[in-house]
Amino acid sequence: MEQATIHGAIRGLYEGILDPGAWQQSLRSLTQLANTAHASMMVWDTVSDQVTVSEIVNPVEELFAAYENDFQAIDPAKAFAPRLVPGAWYIDARDLGPQAMARHPFYCDFFNKFALRSYVACLVERQPHYEVYFSMQRGLSQDAFSSEDTDKLAWIIPHMRSAIAMRDRTLALSTMASLSARLIERLSFALAIYTPERRMLLANTAGERWARRLDPSGKTSDWQLSRHFTDMLQAACDPANPLGAQAARAIDNRGNQAEILVLPLPATHAFASQWQKPAAMVVVHEAGAPSVLLDTVLRN
């Protein structure tokens with residue numbers, strides 16, 4: 001049963017990259033393994049010296065609100081934090097000692113009043129302006145934490161660090177994608193990013209509409225291109241010698257006209273590295289639309 005709980009806790013951390021509920025369940029499994037009353041993630045803003053508590057297991061609103069608002073300022077663990085390296089634990093009974101704990105206002109005025117005896121905190125991540133800790137608390141009816149308790153949880157910290165890094169990266173990519181989508185929707189022309197196989201990686205609404213018109217043969221039922229679109233993509237995505245800006249004229253059966261521009265993306269561009277292959281940017285400027293402004297918009 002314990003092995004199943006361990007595997008479930010690890011799996012939950014990585015599933016928590018996309019599903020916050022899975023992360024919470026993983027922490028809940030850790031509290032069962034460590035026989036603790038509560039657990040949480042704590043972020044210490046070292047610039048403003050403010051600790052924020054999140055991902056709380058078995059939450060008691062008054063407890064964690066009192067900590068954030070009043071007692072985090074006198075948390076004795078802060079004095080020991082600079083000595084920690086990622087993966088190391090602060091254990092109050094070991095580092096502060098039972099006698100100091102019995103006299104310290106953090107315990108007398110706060111911890112003990114919430115029927116808590118002891119707590120530990122592991123430094124998971126240290127950044128220039130903040131630090132992330134995994135913390136667990138035990139009640140008055142339980143024994144104080146010891147090194148043996150934290151040694152039994154050493155296996156989870158590398159997974160926790162990896163999952164946090166992956167979650168942060170995923171959030172950054174999601175945010176960037178959202179911002180990119182909003183920005184390109186404001187362009188006055190169709191824009192799309194293609195692979196040599198004509199796989200669309202990104203496009204605004206106008207670009208998606210034109211994707212249905214850019215037939216591999218160079219024609220559709222309504223539009224005739226002066227050059228084959230597939231040939232232009234292949235030339236722009238040639239890894240050895242990509243052809244610079246190419247242009248074609250498109251005319252439909254009602255006389256409407258548009259200019260098709262195909263530009264190779266630099267080898268270091270995010271799309272080129274993410275899919276490990278060249279890519280090209282396709283711009284469609286329809287007659288009568290505002291200027292494309294190549295010098296300012298496309299190159300930027």
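Here is what the cut-offs are and how they apply
Residues numbered from 1 in each chain as written. Predicted model: local features only at pLDDT ≥ 70, side-chain atom pairs only at ≥ 80, totals over all residues. Heavy atoms only, no water. Helix = DSSP H or I, 4+ residues; strand = E, 2+ residues; numbered from the N terminus. Contact = heavy atoms within 4.5 Å. Areas by Shrake-Rupley, 256 points an atom, 1.4 Å probe, with all protein chains shown as cover. Buried < 20%, exposed > 50% of the residue type's maximum accessible area, 1.4 Å probe, protein only. Pairing = 2+ DSSP bridges. Axes fitted to C-alpha atoms, helices over the stretch in contact; angles between N-to-C directions. Parallel < 35°, antiparallel > 145°, perpendicular 65-115°, else oblique. Left-handed = near helix turned anticlockwise from the far one by under 90°. Expected span 1.5 Å × (residues − 1). Arc of directions from axis to C-beta. Polar contact = N/O pair within 3.5 Å; in protein donor to acceptor, adjacent residues only side chain to side chain. Salt bridge = Lys/Arg side-chain N within 4 Å of Asp/Glu carboxyl O.

*Asks:* I'd love a proper account of the overall build of the protein, names of residues and values included.
*Replies:* For the protein, the count of helices and strands is 13 helices and eleven strands. Taking as baseline every contact in the protein between residues at least 6 positions apart, the subset at least 24 positions apart corresponds to 56%. Roughly 16000 Å² of accessible area belongs to the protein as shown, and the carbon and sulfur atoms make up 54% of that amount.

*Asks:* Give me the lowdown on the pairing of strand S11 (residues 280-286), citing residues and values where you can.
*Replies:* Where burial is concerned, most of S11 is hidden: six out of the seven residues are buried. Judged from the seven bridges that link them, strand S10 (residues 257-264) and S11 form a sheet pairing that is antiparallel. In the strand pairing of S11, valine 262 is matched with valine 282.

*Asks:* Please set out the side chain of threonine 195 residue by residue, giving values where relevant.
*Replies:* Position of threonine 195 among the secondary structure elements: in the loop between strand S6 (190-194) and strand S7 (200-203). With residues up to four places along the chain from it excluded, the contact list for threonine 195 reads Leu201, Leu233, Cys237, Lys277 and Pro278.

*Asks:* So, the sheet that holds S7: which residues are in play, and what are the values?
*Replies:* Taken together, six strands build an open sheet; the order of strands is S7-S6-S11-S10-S9-S8 and the sheet is antiparallel. On the outer flanks of this sheet lie S7 and strand S8 (223-225), each paired with one strand and no other. Taking each pair of neighbouring strands and ignoring which way they run, the sheet shows an average axis angle of 25°. Both S6 and S7 contribute to a ladder of three bridges, which runs antiparallel. Paired with isoleucine 193 across the bridge in S7 is leucine 202.

*Asks:* Before we move on, can you summarise the environment of alanine 34 with the specific residues and values?
*Replies:* As for its position among the elements, alanine 34 is in helix H2 (residues 20-34). The exposure class of alanine 34 is buried, given its relative accessible area of 9%. Separated by 111 residues in the primary sequence, alanine 34 and phenylalanine 145 have C-alpha atoms spaced 9.4 Å apart. Excluding anything up to four places from it in sequence, alanine 34 contacts Met136, Arg138 and Leu153.

*Asks:* For the environment of alanine 22, give the residues involved together with the corresponding values.
*Replies:* Considering the arrangement of structural elements, one finds alanine 22 in helix H2. A C-alpha to C-alpha distance of 8.8 Å links alanine 22 and alanine 9, two positions 13 residues apart in sequence. Aside from chain neighbours lying at most four places away, what touches alanine 22 is Gly12, Glu15 and Gly16.

*Asks:* An account of the packing of helix H1 (residues 2-15) against helix H9 (residues 156-185) is needed here, citing residue identities and associated values.
*Replies:* Put simply, H1 and H9 touch, their axes get as near as 8 Å, and they point 15° apart. Our classification of the angle between H1 and H9 gives roughly parallel. Classified by chirality, the crossing of H9 by H1 is right-handed. Judged by residue contacts, Ala9, Ile10, Leu13 and Tyr14 of H1 engage Ile156, His159, Met160, Ser162, Ala163 and Met166 from H9.

*Asks:* Describe H2, and please don't skip the residues or the numbers.
*Replies:* An ideal rise of 1.5 Å per residue puts 21 Å on 15 residues; H2 measures up with 22 Å between its terminal C-alpha atoms. All of the buried residues along H2 are Ala22, Trp23, Gln24, Ser26, Leu27, Ser29, Leu30, Thr31 and Ala34. Packing partners of the buried residues in H2 comprise H1, strand S1 (38-45), strand S2 (50-57), strand S5 (130-139) and H9. Where H2 ends, the next residue or the one after it, asparagine 35, has phi of about 55°, a positive value.

*Asks:* Quick rundown of unusual backbone geometry? Include the residues and the values.
*Replies:* Phi at asparagine 58 is positive, roughly 55°, even though this residue is not glycine. Here the phi dihedral of alanine 115 falls at roughly 60°; this positive angle occurs in a residue that is not glycine.

*Asks:* Run through helix H11 (residues 229-236), naming residues and quoting values.
*Replies:* Restricting attention to buried positions, one finds in H11 the residues Phe229, Met232, Leu233 and Ala236. With its buried residues spanning 100° around the axis, H11 presents them on a single face. For H11, the elements touching its buried residues are S6, S8, strand S9 (246-252), S10 and S11.

*Asks:* Let's hear about the side chain of glutamate 131: which residues, and what values?
*Replies:* Its location among the elements puts glutamate 131 in strand S5. A polar contact of 2.9 Å, which involves the side chain of glutamate 131, links it to the side chain of arginine 126.

*Asks:* Describe the pattern of salt bridges, listing the residues and the values that go with them.
*Replies:* Applying the stated criterion across every chain, the model contains nine salt bridges. In this structure, arginine 94 and aspartate 95 form a salt bridge, with 2.8 Å as the shortest nitrogen-oxygen distance. Among the residues examined, aspartate 95 registers a relative accessible area of 25% and is labelled partly exposed. Of the charged contacts in the structure, one is a salt bridge between aspartate 252 and arginine 254, with a shortest N-O distance of 3.4 Å. Judged by its relative accessible area of 62%, arginine 254 is exposed.

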